Amino acid sequence: MSALLITDIGLLVGIHPKNVLVLKGSAMGALPAVNNAWILCESGLITRFGSMDNIPTDLPTSLTSVSANGGYVFPSWCDSHTHIVFASSREEEFEMKIQGKSYEEIAAAGGGILNSAHKLQKVSEDSLFESASMRLNDMIKLGTGAVEIKSGYGLTVDSELKMLRVIKRIKEAFKIPVKASFLAAHTYPENYKNDHNAYIQLIVDKMLPQIADEGLADYMDVFCEKGFFSVDETDKLLDVAAKYGLPPKIHANQLSISGGVQVGVKHNAVSVDHLEVTDKEAVRCLSKSNTIATLLPSCSLFLGIPFANARNLIDADIPVALASDFNPGSTPSGNMNLVVSLGCIKLKMLPEEAINAATLNGAAAIQLSDITGSIAIGKKANLFITRPMSSLAYLPYSFGQSQIEKVVLNGEIY
Ligand SMILES: N=CN[C@@H](CCC(=O)O)C(=O)O
Ligand SMILES: [Zn+2]
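Residues numbered from 1 in each chain as written. Chains lettered and ligands numbered in written order. Predicted model: local features only at pLDDT ≥ 70, side-chain atom pairs only at ≥ 80, totals over all residues.

Caption draft 1: Spatial organisation of unusual backbone geometry. Even without being a glycine, Leu275 presents a positive backbone phi close to 60 degrees. As for its placement among the helices and strands, Leu275 is situated in the loop between strand E11 (271-274) and helix H9 (280-287). The exposure class of Leu275 is buried, given the 27 C-beta atoms found within 10 Å. If you check the backbone angles, Asn410 has positive phi at about 50 degrees while not being a glycine. (Helix = DSSP H or I, 4+ residues; strand = E, 2+ residues; numbered from the N terminus. Buried ≥ 20, exposed ≤ 12 C-beta atoms within 10 Å, placed from the backbone.)

What follows is the structure, given as structure tokens:
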């Protein structure tokens, strides 16, 4: 593999020391950078970088040299919350939303997660792999260089396993790190509507053992929400998942104060995600933990639900990550550039905070911040090069557009 040298970088952004694995409080506002820089990638890793005033002379003989022409170089986005394996879109629900129906009303009318589950149960593993791969390719072109993908549109033993096997194939087929979360506890299937215990037993007795046996999941997810899974049900599921070595990453406080944050923290969740409606108790609980608060502002935008209070969380010294939540119901977009813009526009995060939240803290929310998420020697050379920009703030300011000119994965132009 030939080495890659990128020169004439207007600003090399996100240079955190390799041992800094997560950022919280005021540290989220610091995004160290070098002006007029170069970076060298060898064997897929970042090996050296510096100022153009001191460009090295002892460069590898087999070298591809690319000029950034004054564009900025960022570590790739780490999208730590997605549902990109799904059978088809749900724009019929989009129209219901436009006509004023709420997320809960649409779910009650046969839409929502059950709608996706019906569709997915009929679609082959190959076809799911193809459509999810297409989505992931689009996301990579928009700068995403690490991703988490959830099951949760299967809701039967066979279909949950089918989804997780698709994710496993994606892990093998793509050049970026991929983590899998098991989310059978996304909603109750119709035939278990009046027997929650039986569905929980199905997850515990039939799904989890086989998933663990085949090594299909990295995390356990539960939609802890009024009308979905209660705190007690979540507690039980997380207990069992722990026995299989699956730490929690859960959906909490999306539509109501669900108690999901507290039960997540009780089980040492890697992250609790959504938090659109968060009270003082939840903030206090998170601030005493190592759990990351993952915020999903594109979901709030699309559903018209409140935006999470990122400022409260950052001020309480809680690490905040930003992710896309790409899924066919609440967030049909995997564009992390838009997520970062919304982080600034709607969550009132400063550009530096939003970029840290979508890179290093996103990587931390999938336990990958030792290998990706910042510019550091020895980290994966997953980067993107932008057009020349007038300042760092221009990236989130130019919302709805991508400034990305080139994507680099494992030290190679993608
Ligand atoms: N809230 C739960 N799950 C998804 C939406 C699922 C759907 O509507 O299909 C979310 O994170 O927003
Ligand atoms: Zn989600």
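From this point, the narrative continues.
Caption draft 2: The UniProt feature "binding site: Fe(3+)" (unreviewed entry) in the protein chain, seen in detail. The feature "binding site: Fe(3+)" (unreviewed entry), as given by UniProt, occupies His81, His83, His251 and Asp325 in the numbering adopted here. In three dimensions, the annotated residues from a span of 245 residues occupy one location, with a maximal C-alpha spread of 12.2 Å. Locating His83 in the fold gives a position in the loop between strand E6 (77-79) and helix H1 (91-98). For His83, the residues in contact, after removing those within four places along its chain, are Lys150, Gly152, Phe326 and Asn327. In this structure, His251 sits in strand E10 (residues 249-252). Among residues more than four places away in sequence, those in contact with His251 are Asp221, Val222, Phe223, Cys224, Glu225, Gly260, Asp273 and His274. (UniProt positions renumbered as here; feature names shortened; annotations may be inferred. Contact = placed C-beta atoms within 7 Å.)

Caption draft 3: Main features of the packing of helix H6 (residues 196-214) against helix H7 (residues 231-243). Relative orientation of the contacting elements H6 and H7 amounts to 10 degrees, with a least axis distance of 11 Å. For the element pair H6 / H7, the angle class is roughly parallel. Between H6 and H7, the residues in contact are His196, Ile200, Ile203, Val204 and Leu208 and Glu233, Lys236, Leu237, Val240 and Ala241, respectively. Tallied by class, the residues present in the contact of H6 with H7 amount to seven nonpolar, one polar and two charged. (Axes fitted to C-alpha atoms, helices over the stretch in contact; angles between N-to-C directions. Parallel < 35°, antiparallel > 145°, perpendicular 65-115°, else oblique. Nonpolar A, V, L, I, M, F, W, Y, C, P; charged D, E, K, R; others polar.)

Caption draft 4: Representation of the UniProt feature "domain: Amidohydrolase-related" (unreviewed entry) in the protein chain. Sequence positions flagged by UniProt for "domain: Amidohydrolase-related" (unreviewed entry) are, in local numbering, residues 72-413. Regarding residues 72-413, the helix share stands at 42% and the strand share at 17%, and the terminal C-alpha atoms are separated by 15 Å.

Caption draft 5: The arrangement of H6 in detail. Taking 1.5 Å of rise per residue, 19 residues should cover 27 Å, and H6 covers 26 Å from first to last C-alpha, within 8% of that figure. At Met207, H6 shows its largest bend, some 35 degrees, and a proline, Pro209, comes one to four positions later. Taken residue by residue, H6 has Tyr199, Ile203, Met207, Leu208 and Ile211 as its buried positions. (Expected span 1.5 Å × (residues − 1). Bend = angle between axes of the 7 residues up to and from the residue.)

Caption draft 6: Representation of the site of ligand 1 in the model. Ligand 1 sits among 14 residues. The nearest are Ile113, Phe223, Asn327, Gly329 and Ser330. Considering each element in turn, the shell around ligand 1 owes the most residues, three residues, to helix H3 (residues 112-121). (Near = placed C-beta within 6 Å.)

Caption draft 7: Main features of the nonpolar core. By size, the foremost hydrophobic cluster in this structure holds 125 residues, and its most contacted members are Ile9, Ile39, Val73, Val320 and Ala358. Three or more residues apiece are contributed to this core by two domains, here domain 1 (3-76 + 375-413) and domain 2 (78-364). In this structure, Ala358 is in contact with Trp77, Cys78, Leu322, Met336, Val339 and Val340, ignoring residues within four places of it in sequence. (Core = buried A, V, L, I, M, F, W, Y, C linked by C-beta atoms within 7 Å. Domains from an automatic or database assignment.)

Caption draft 8: Main features of the pairing of E10. Burial of the side chains of E10 extends over both faces: Lys249 and His251 are buried on one face and Ile250 and Ala252 on the other. Across two bridges, the pairing between strand E9 (residues 219-224) and E10 is parallel. Of the residues in E10, the one forming a bridge with Phe223 is His251. In terms of handedness, the path from E9 via H7 over to E10 forms a crossover that is right-handed. As paired elements, E10 and E11 share four bridges and run parallel to each other. Across the sheet, Ile250 pairs through a bridge with Val272, a residue of E11. Crossover E10 to E11 through helix H8 (residues 260-266) is right-handed. (Pairing = 2+ DSSP bridges. Right-handed = clockwise from strand over helix to strand, strands pointing away.)

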